[in-house]
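Notes for the structure review
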Amino acid sequence: MKRKLVILTAVLSFAVGSALLTVKLEYFAIFFALLFAGGIVFTIALFSNPKVGFLTYLVYCFFIAGLLKNTGLPFGPLMEVLLGVTWLSLLYNYKQIKWKEISNDHVIIALIWFSLNIIELVNPEGASLLGWLNEVRFTAFNWLLIAPLGFLLFKSKRDLDVFFIVIISLSVLGTLYGVKQYFLGVSAGEQRWLDEGGQPHILLMAGSGYFRFIPMQASLGPRRRQWLR
């Protein structure tokens with residue numbers, strides 16, 4: 001019954017949204033209608049299976065650095081949005097979830113680390129609140145949201161196989177993109193990012209260590225580097 005209600009709500013939202021977009025945007029409505037339809041399909045799939053949200057987050061994290069470098073748009077907050085809707089899907093399907101799985105050392109450590117970061121708010125040195133928020137967001141808050149998801153959603157050998165297939169496939173794709181950077185050069189957006197001071201030292205001149213589209217150059221391992229500036 002709940003699933004049918006979600007589907008009906010999604011279909012009605014799509015119909016109303018498409019009509020409004022057609023009136024306001026004319027031909028641009030086609031693009032936005034398709035985008036809206038994709039969002040509805042994703043929402044239905046997500047609330048039918050919470051794993052969809054976590055796998056989407058995993059894939060997105062591989063591409064976010066490339067999106068930021070090539071567009072300059074603030075794609076970062078979408079990470080928390082994906083984690084948030086995944087948790088909403090878990091709560092929606094709470095009867096099928098074995099919540100006792102999150103009672104383990106890893107989740108407890110994540111909770112303790114998050115609590116310690118919260119305590120830093122009363123730091124007598126009066127550090128920047130915005131700086132604290134930006135740091136905690138990646139090093140504590142996201143970890144606290146992710147840690148239980150792995151235990152709640154990935155419990156079978158098939159789940160592990162899917163996880164490794166996604167990771168290996170994205171890693172191969174990243175390698176191919178690095179080859180493209182080596183032979184054809186970086187994109188216009190990436191060059192602009194470098195020109196504006198975007199860590200130019202990570203553009204490696206030794207041959208095989210171009211930054212590709214991954215977030216952290218350190219994850220590529222040790223390389224010989226030639227500073228551009």
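Everything here concerns the structure above.
Residues numbered from 1 in each chain as written. Predicted model: local features only at pLDDT ≥ 70, side-chain atom pairs only at ≥ 80, totals over all residues. Heavy atoms only, no water.

Some remarks on the overall build of the chain
Heads up, the condition is: Working definition: helices are DSSP H or I runs of at least four residues, strands are E runs of at least two. Numbering for both runs from the N terminus. Per-residue accessibility, obtained with a 1.4 Å probe over protein chains only, is compared with the maximum for each type, and a residue is labelled buried under 20%, exposed over 50%, and partly exposed between these values. Contact between two residues is taken to exist if any of their heavy atoms lie within 4.5 Å; hydrogens are not considered.
Each helix and strand counted, the chain has 8 helices and 0 strands in total. Seen in sequence order, the chain has helices and strands lined up from the N terminus as α-α-α-α-α-α-α-α. Going through the 229 residues of the chain one by one, you find that 30% of them count as buried. Of the contacts made within the chain by residues no fewer than 6 positions apart, 62% connect residues no fewer than 24 positions apart.

Focus on the nonpolar core
Quick note on the threshold: By convention a nonpolar core is built from buried Ala, Val, Leu, Ile, Met, Phe, Trp, Tyr and Cys residues, the set being connected through side-chain atoms within 4.5 Å.
With 13 residues, the main nonpolar core has Tyr 57, Tyr 60, Met 79, Leu 83, Leu 90, Leu 149 and Leu 153 as its most contacted residues. For this core, the secondary structure elements donating two or more residues are helix H3 (51-71), helix H4 (78-92) and helix H6 (129-153). For Leu 153, the contacting residues outside a window of four places in its chain are Pro 50, Lys 51, Phe 54, Thr 86, Leu 90 and Asp 159. Membership of the second largest hydrophobic core comes to 8 residues, among which are Phe 114, Val 136, Ala 140 and Ala 147.

Re helix H5 (residues 105-119)
Heads up, the condition is: Multiplying 1.5 Å by the residue count of a helix minus one yields the expected span of that helix. As used here, the arc belongs to the directions running from the helix axis to the C-beta atoms.
With 15 residues, H5 extends 21 Å from end C-alpha to end C-alpha; this agrees with the ideal 21 Å at 1.5 Å per step. Along H5, the positions that sit buried rather than exposed are Val 107, Ala 110, Phe 114 and Asn 117. End-on view of H5: buried residues confined to an arc of 85°, all on one side of the axis. For H5, exposure combined with an orientation more than 90 degrees from the buried face picks out Asp 105 and Ile 119. Next to the buried residues of H5 lie H6.

Some thoughts on the packing of H3 against helix H7 (residues 157-184)
Put simply, the rule reads: Helix axes are fitted only over the stretch in contact, all axes being lines through C-alpha atoms; the angle between N-to-C directions runs from 0 to 180 degrees. What sets the label is the angle itself: under 35 degrees gives roughly parallel, over 145 gives roughly antiparallel, 65 to 115 gives roughly perpendicular, and the rest give oblique. The hand of a helix crossing depends on one turn: near helix anticlockwise from the far one by less than a right angle means left-handed, and clockwise means right-handed. Three classes are used, and their members are as follows: Ala, Val, Leu, Ile, Met, Phe, Trp, Tyr, Cys and Pro are nonpolar, Asp, Glu, Lys and Arg are charged, and the others, Gly among them, are polar.
For the pair H3 and H7, interaxial distance at closest approach is 11 Å and the crossing angle is 15°. Our classification of the angle between H3 and H7 gives roughly parallel. When the axes of H3 and H7 are compared, the crossing they make is right-handed. Contact residues: H3 offers Lys 51, Leu 55, Leu 58, Val 59, Phe 62, Phe 63 and Asn 70, while H7 offers Asp 159, Val 162, Phe 163, Val 166, Ile 167, Leu 170, Ser 171, Leu 173 and Tyr 177. Along the lines of polarity and charge, the residues of the contact of H3 with H7 split into 12 nonpolar, 2 polar and 2 charged.

With respect to the environment of Gly 150
Within the secondary structure, Gly 150 sits in helix H6. Overall, Gly 150 belongs to the partly exposed group, its relative accessible area being 27%. Along the chain, Gly 150 and Lys 51 lie 99 residues apart, while their C-alpha atoms are 9.5 Å from each other.

Things to note about the side chain of Ser 187
Assignment of secondary structure puts Ser 187 in the loop between H7 and helix H8 (188-195). Setting aside residues no more than four positions away along its own chain, Ser 187 makes contact with Asn 70, Tyr 177 and Lys 180.

Some thoughts on a nonpolar patch on the surface
Worth spelling out the cut-off: Exposure above 30% relative accessible area and no salt bridge define the residues that can form patches, which grow by joining like charges within 9 Å and nonpolar side chains of Val, Leu, Ile, Met, Phe, Trp and Tyr within 5 Å. Working definition of accessibility: Shrake-Rupley area with a 1.4 Å probe, residue cover restricted to the visible protein chains. For this analysis, a salt bridge means a side-chain nitrogen from Lys or Arg found within 4 Å of a carboxyl oxygen belonging to Asp or Glu.
A cluster of nonpolar side chains, Ile 108, Ile 112, Trp 113, Leu 116, Ile 118, Ile 119, Leu 121, Val 122 and Leu 129, forms an exposed patch at the surface whose accessible area comes to about 860 Å². Per-element accounting of the nonpolar patch gives the leading share, 6 residues, to H5. Among the structural elements, Ile 119 can be located in helix H5.

Overview of H3
Spacing of three or four residues puts side chains on the same side of an α-helix, whose turn is 3.6 residues. Put simply, the rule is: We define the bend at each residue as the angle formed by axes fitted to the 7 residues ending at it and the 7 residues starting at it.
Spanning 21 residues, H3 covers 28 Å between terminal C-alpha atoms, matching the ideal 30 Å at 1.5 Å per step. The sharpest bend along H3 reaches about 45° and sits at Phe 63. Those residues of H3 that sit buried are Gly 53, Phe 54, Tyr 57, Leu 58, Tyr 60, Phe 62, Ile 64, Ala 65, Gly 66 and Lys 69. Gly 72 lies just past H3 and shows a positive phi near 75°.

A short note on the environment of Asp 159
Note the cut-off: We define a polar contact as two N or O atoms separated by no more than 3.5 Å, with the added condition that, inside protein, one atom must be a possible hydrogen donor and the other a possible acceptor, whereas residues neighbouring each other in sequence contribute only through side-chain atom pairs.
Inspection of the secondary structure assignment puts Asp 159 in helix H7. For the pair Asp 159 and Lys 51, spaced 108 residues apart in sequence, the C-alpha separation works out to 9.2 Å. With sequence-adjacent residues up to four places away left out, Asp 159 is seen in contact with Lys 51, Leu 153 and Phe 154. At 2.7 Å, the side chain of Asp 159 and the side chain of Lys 51 are in polar contact.

A word on the packing of aromatic side chains
Stated precisely, the cut-off is as follows: Only the six-membered ring of Trp is used, alongside the rings of Phe and Tyr, when aromatic pairs are assigned; centres must lie within 6.5 Å, and planes under 30 degrees apart are stacked while those over 60 apart are edge-to-face, with the rest tilted.
Summed over all chains, the structure comprises 7 aromatic pairs. With centroids separated by 6.4 Å and ring planes inclined at 70°, the aromatic side chains of Phe 154 and Phe 163 adopt a geometry described as edge-to-face. An aromatic cluster of three or more residues is present, and its members are Phe 54, Tyr 57, Phe 154, Phe 163 and Phe 164.

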